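Coordinate analysis (summary)
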Amino acid sequence: MSATPWRGIILATGIVLGWLLTLTAGLLQPLQQLSPHLIVLAVLVRTFLQTGLFIVGHDAMHGVLLPRQRGLNDSIGTLALGLYAALPYRQCRRNHRIHHQAPATTADPDVHPDPGAGVLAWYARFMAGYLSLAQMGVLLAGWTLLAAAASLVTSAGWGNVLVFCTLPLILSSAQLFTFGTYLPHRCSHSGDGRHHIQSLRLPPWLSLLACYHFGYHQEHHRAPQLAWYDLPRMVASAGQDGPPPTFATARSR
């Protein structure tokens with residue numbers, strides 16, 4: 001748990017407000033009036049904040065956002081995942097608990113149980129565990145309302161929604177999958193029949209930009225009670241004592 005109890009709430013508030021402000025700005029400015037460089041920068045910022053919404057929901061799923069106020073903790077997680085992609089909080093929390101309890105088994109919704117499966121098969125399994133036709137319908141309805149509202153104020157419309165809503169969500173899902181699932185869990189089956197979780201040894205600043213330190217995945221599985229911003233401290237402490245021992249969990253047969 002973080003030494004500063006309110007740090008997580010402050011950061012979560014900043015992420016949600018930043019997401020809302022950039023969304024509003026992106027929908028109210030016609031695309032033809034924006035330079036390509038500014039559009040690319042805005043999409044990257046929106047993608048980072050989009051991923052941040054999932055990270056807030058993820059910390060809530062582990063109960064570390066407000067550990068002494070679980071009702072409020074879960075409400076914030078519900079809001080964050082709803083804004084992210086209309087994700088159902090309780091189902092995501094259940095899936096994530098399974099991922100921690102039985103990684104790389106047939107029950108794990110995140111990791112492909114076949115070590116030889118390609119990246120596209122991994123990504124398809126990952127997305128299937130979190131999205132449904134009902135959620136896609138909610139997303140489409142929400143984007144349609146945003147496009148209609150934007151067109152009433154400016155000449156912006158569906159183009160803005162696709163660029164500043166749909167594209168950041170797609171990129172964010174790829175970011176979470178790549179740095180939080182595929183790279184840490186791929187090539188992690190050894191001859192002993194156990195699943196070995198790996199960490200991406202990135203500098204803290206690059207780890208933050210890559211995926212809010214989700215690449216420090218071995219550390220997260222060893223200490224899921226730590227908030228995302230506390231993981232670099234755990235990595236630094238482990239580095240002072242030498243390389244951390246390999247984390248392994250038995251695979252189900």
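Per-chain numbering applies: the sequence of each chain, read as written, is numbered from 1 onward. Predicted model: local features are reported for residues with pLDDT of at least 70 only, side-chain atom pairs are reported and counted for 80 or more only, and whole-chain, interface and lining totals are derived from all residues. Water and hydrogen atoms play no part in the side-chain values, which are based on all heavy atoms of the structure.

Some details on helix α3 (residues 70-85)
Basically, it comes down to this: The helix count covers DSSP runs of H or I at least four residues long, the strand count covers runs of E at least two residues long, and both are numbered beginning at the N terminus. To estimate the expected span of a helix, count its residues, drop one, and scale the result by 1.5 Å. A simple rule labels every residue: compare its accessible area, found with a 1.4 Å probe on the protein chains alone, to the largest value its type can have, and call it buried under 20%, exposed over 50%, or partly exposed in between. Each C-beta atom gives one direction from the helix axis, and the arc is the one those directions make. A contact between two residues is defined here by any heavy atoms of the two lying within 4.5 Å.
Helix length check: α3, at 16 residues, gives a terminal C-alpha distance of 22 Å against a target of 22 Å (1.5 Å per residue), a fit within 8%. Residues Asn-73, Asp-74, Gly-77, Ala-80, Leu-81, Tyr-84 and Ala-85 constitute the buried set of α3. Viewed end-on, α3 has its buried residues packed into an arc of 125 degrees, placing them on one side of the element. Buried residues along α3 sit against α2 (36-61), α4 (89-101), α6 (133-153) and α7 (158-185). After α3 finishes, the residue Ala-86 shows a positive phi value of roughly 55 degrees.

Side note on the nonpolar core
Cut-off, in case you're wondering: Here, nonpolar core refers to any group of buried Ala, Val, Leu, Ile, Met, Phe, Trp, Tyr and Cys residues whose side-chain atoms link them within 4.5 Å.
Among the nonpolar cores identified, the biggest contains 48 residues, and Leu-81, Tyr-84, Leu-87 and Leu-176 are the most heavily contacted of them. Elements that contribute at least two residues to this core include exactly α1 (7-28), α2, α3, α4, α5 (119-128), α6 and α7. In this structure Leu-81 touches Phe-54, Gly-57, Met-61, Ala-86, Leu-87, Tyr-89 and Cys-92, once residues within four positions along its chain are discounted. By size, the runner-up hydrophobic cluster in this structure holds six residues, among which are Tyr-216, Leu-226, Leu-231 and Met-234.

Things to note about the confidence of the model for the protein
Using the following cut-off: As a per-residue measure, pLDDT reflects the predictor's confidence and takes values from 0 up to 100.
Per-residue pLDDT for the protein has a mean of 86; in total, 88% of the residues score no lower than 70. Looking over the protein, one finds the lowest element-wise mean pLDDT in strand β2 (residues 247-250), namely 35, and the highest in α2, namely 97. Predicted confidence is poor over residues 240-253, with pLDDT under 50, and the contacts of this stretch with residues over four places away or in other chains come to 34 contacts.

So, the side chain of Ser-207
Selection rule: A 3.5 Å cut-off defines polar contacts: any pair of N or O atoms within that distance qualifies, except that in protein one atom must be a possible hydrogen donor and the other a possible acceptor, and neighbouring residues in sequence count only when both atoms are side-chain atoms.
Mapped onto the elements of the fold, Ser-207 is located in helix α8 (residues 204-211). The buried category is assigned to Ser-207, whose relative accessible area is 2%. Reaching out from Ser-207, the side chain makes a polar contact with the side chain of His-213 at a distance of 2.9 Å. Those residues in contact with Ser-207 that lie beyond four places of it in its chain are Leu-202, Tyr-212, His-213 and Tyr-216.

Some details on the environment of Ala-236
Within the secondary structure layout, Ala-236 lies in helix α10 (residues 231-240). As for Ala-236 and Pro-204, which are separated by 32 residues in sequence, their C-alpha atoms are 9.5 Å apart.

Let's talk about the pattern of salt bridges
The condition that has to hold: Criterion for a salt bridge: a side-chain nitrogen of Lys or Arg within 4 Å of a carboxyl oxygen of Asp or Glu.
A complete count under the given rule lists three salt bridges for this structure. Where Arg-201 meets Glu-219, a salt bridge forms, and the shortest distance between an N and an O atom there is 3.0 Å. With Arg-201 in the loop between β1 (194-197) and α8 and Glu-219 in helix α9 (residues 217-222), this pair connects stretches of sequence that are 18 residues apart. Assessed through its relative accessible area of 47%, Arg-201 is described here as partly exposed. The salt bridge partner of Asp-230 is Arg-233, with a shortest N-O separation of 3.3 Å.

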